[in-house]
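# A structural walkthrough
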Amino acid sequence: MPDHFSFAGYRDVPDEAGGGAARAWWDAEAPDYLAEHGAFLGDADFVWGPEGLREEDAHLLGDVVGRDVLEVGAGSAQCSRWLVAAGARALATDVSHGMLAQGARLDRATGVRVPLVQADARALPFPDVSFDAVFTAFGAIPFLPDAARVHREAARVLRPGGRWVFSVTHPLRWAFPDDPTEHGLTATRSYFDHRPYVETTDDGRVLYAEYHRTVGDHVRDVVAAGLVVDDVVEPEWPAGNTNVWGGWGPVRGAYLPGTAVFVTHRP
């Protein structure tokens, strides 16, 4: 488990400390994260968010058969494993060795093997124009103060016409408590407050940091990277999904969007 924190809330922290916290946090959290959410995510399934929107239904990456597809912030690479089974040449990266170790375990369990590379999404170790599609499902972007670099890297490694698709916590959620019950339906903070949510130790060491961007921030970052926004998908909470995941759940999901999926491409 991650180290015990003494402060949890919204405050500014140095970018280097906040952006560097994700690796150690996910290394420590990986086994428990998979134990809690693995059944929902599947071992070789592609889910864009807690609502349960699946790539096999949404087709946000387009035709993947025979295509080179890169997943960044892949966690245990469940999505890439699904892509391999669907006929893609998929490769998965994550900054956390602990999450990739869980991915290797799932490779062995499923018999579907995905090349796994430990890499920071802001500095991908691949040549320009290497992939037909790049994506992340709740990976990398929320945990970095400089997510614009992720968009630039995605654009760099994409071939012309290739898609960059990423899902994040819906920006509107920032104004509401992280509570899946009725108490989470009342706004308690400003949507425009960009201070990250952080957890720190007694001596101020940052253990975890999550960063907020408005819808406009996401669009500006994508456009600045030379990409074109094609769609913003806001999945509704479906009937029959009783799963509660942090602040996501059917009670709040009936009223507020929980996930935003940005579909973009390199011209």
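Residues numbered from 1 in each chain as written. Predicted model: local features only at pLDDT ≥ 70, side-chain atom pairs only at ≥ 80, totals over all residues. Heavy atoms only, no water.

### Looking at helix H2 (residues 21–41)
- Compared with an ideal rise of 1.5 Å per residue, which puts 21 residues at 30 Å, H2 spans 24 Å between its outermost C-alpha atoms and falls more than 12% short.
- Glu29 marks the point of greatest bend in H2, at about 55°, and the proline Pro31 comes within the next four residues.
- Within the sequence span of H2, burial applies to Ala21, Ala22, Trp25, Trp26, Glu29, Ala30, Tyr33, Leu34, His37, Gly38, Phe40 and Leu41.
- Tucked into the core, H2 has its buried residues touching helix H1 (15–19), helix H4 (78–85), helix H5 (97–110), strand S7 (197–200) and strand S8 (206–210). (Helix = DSSP H or I, 4+ residues; strand = E, 2+ residues; numbered from the N terminus. Expected span 1.5 Å × (residues − 1). Bend = angle between axes of the 7 residues up to and from the residue. Buried < 20%, exposed > 50% of the residue type's maximum accessible area, 1.4 Å probe, protein only. Contact = heavy atoms within 4.5 Å.)

### Brief notes about helix H6 (residues 148–157)
- Residues Val150, His151, Glu153, Ala154, Ala155 and Val157 constitute the buried set of H6.
- Tucked into the core, H6 has its buried residues touching strand S2 (68–71), strand S5 (131–137), strand S6 (158–169) and helix H7 (215–224).

### Some details on the sheet that holds strand S4 (residues 116–118)
- If you trace the seven strands from one edge of the open sheet to the other, you get S4-S3-S2-S5-S6-S10-S9, paired in mixed fashion. Lying at the two open borders of the sheet, with one neighbouring strand each, are S4 and strand S9 (228–233). Direction aside, neighbouring strands of the sheet carry axes that sit 20° apart on average.
- In this structure, S2 lies alongside S5, joined through three bridges in parallel fashion. (Pairing = 2+ DSSP bridges. Axes fitted to C-alpha atoms, helices over the stretch in contact; angles between N-to-C directions.)

### Details of the pattern of salt bridges
- Across all of its chains, the model carries 14 salt bridges by this definition.
- With its nearest N and O atoms 3.0 Å apart, the salt bridge here joins Arg220 to Asp217. Of this pair, Arg220 and Asp217 are both found in helix H7, three residues apart, which corresponds to roughly one turn of the helix.
- Given a relative accessible area of 52%, Arg220 falls into the exposed group.
- Overlapping salt bridges, with partners in common, bring together Asp68, Arg89, Asp132 and Arg159 in one network. (Salt bridge = Lys/Arg side-chain N within 4 Å of Asp/Glu carboxyl O.)

### Describing the nonpolar core
- With 25 residues, the main nonpolar core has Leu70, Val134 and Trp164 as its most contacted residues.
- Listing elements by their share of this core, those giving two or more residues are S5, H6, S6 and strand S10 (259–265).
- Core analysis: the second largest hydrophobic core is formed by 18 residues, Leu60, Leu61, Leu83 and Ala88 among them. (Core = buried A, V, L, I, M, F, W, Y, C linked by side-chain atoms within 4.5 Å.)

### Here we look at the sheet that holds strand S1 (residues 7–10)
- The sheet built from three strands is open, its strands ordered S1-S7-S8 with antiparallel pairing. Edge positions in the sheet fall to S1 and S8, since each of these pairs with one other strand and no more. Sheet twist, expressed as the mean angle between neighbouring strand axes with direction ignored, is 15°.
- As judged from the four bridges shared by S1 and S7, these two strands associate in the antiparallel manner. By the bridge assignment, Phe7 is partnered in S7 with Thr200.
- Along the sheet, H2 makes contact with S7 and S8, crossing S8 at roughly 105°.

### Let's talk about the UniProt feature "domain: Methyltransferase type" (unreviewed entry) in the protein
- In this numbering, the UniProt entry assigns the feature "domain: Methyltransferase type" (unreviewed entry) to residues 70–166.
- Taken end to end, residues 70–166 has its terminal C-alpha atoms 12 Å apart, with 33% of it in helix and 28% in strand. (UniProt positions renumbered as here; feature names shortened; annotations may be inferred.)

### Some thoughts on the environment of Pro31
- Its place among the elements puts Pro31 in helix H2.
- Assessed through its relative accessible area of 42%, Pro31 is described here as partly exposed.
- A C-alpha to C-alpha distance of 9.5 Å links Pro31 and Ala101, two positions 70 residues apart in sequence.

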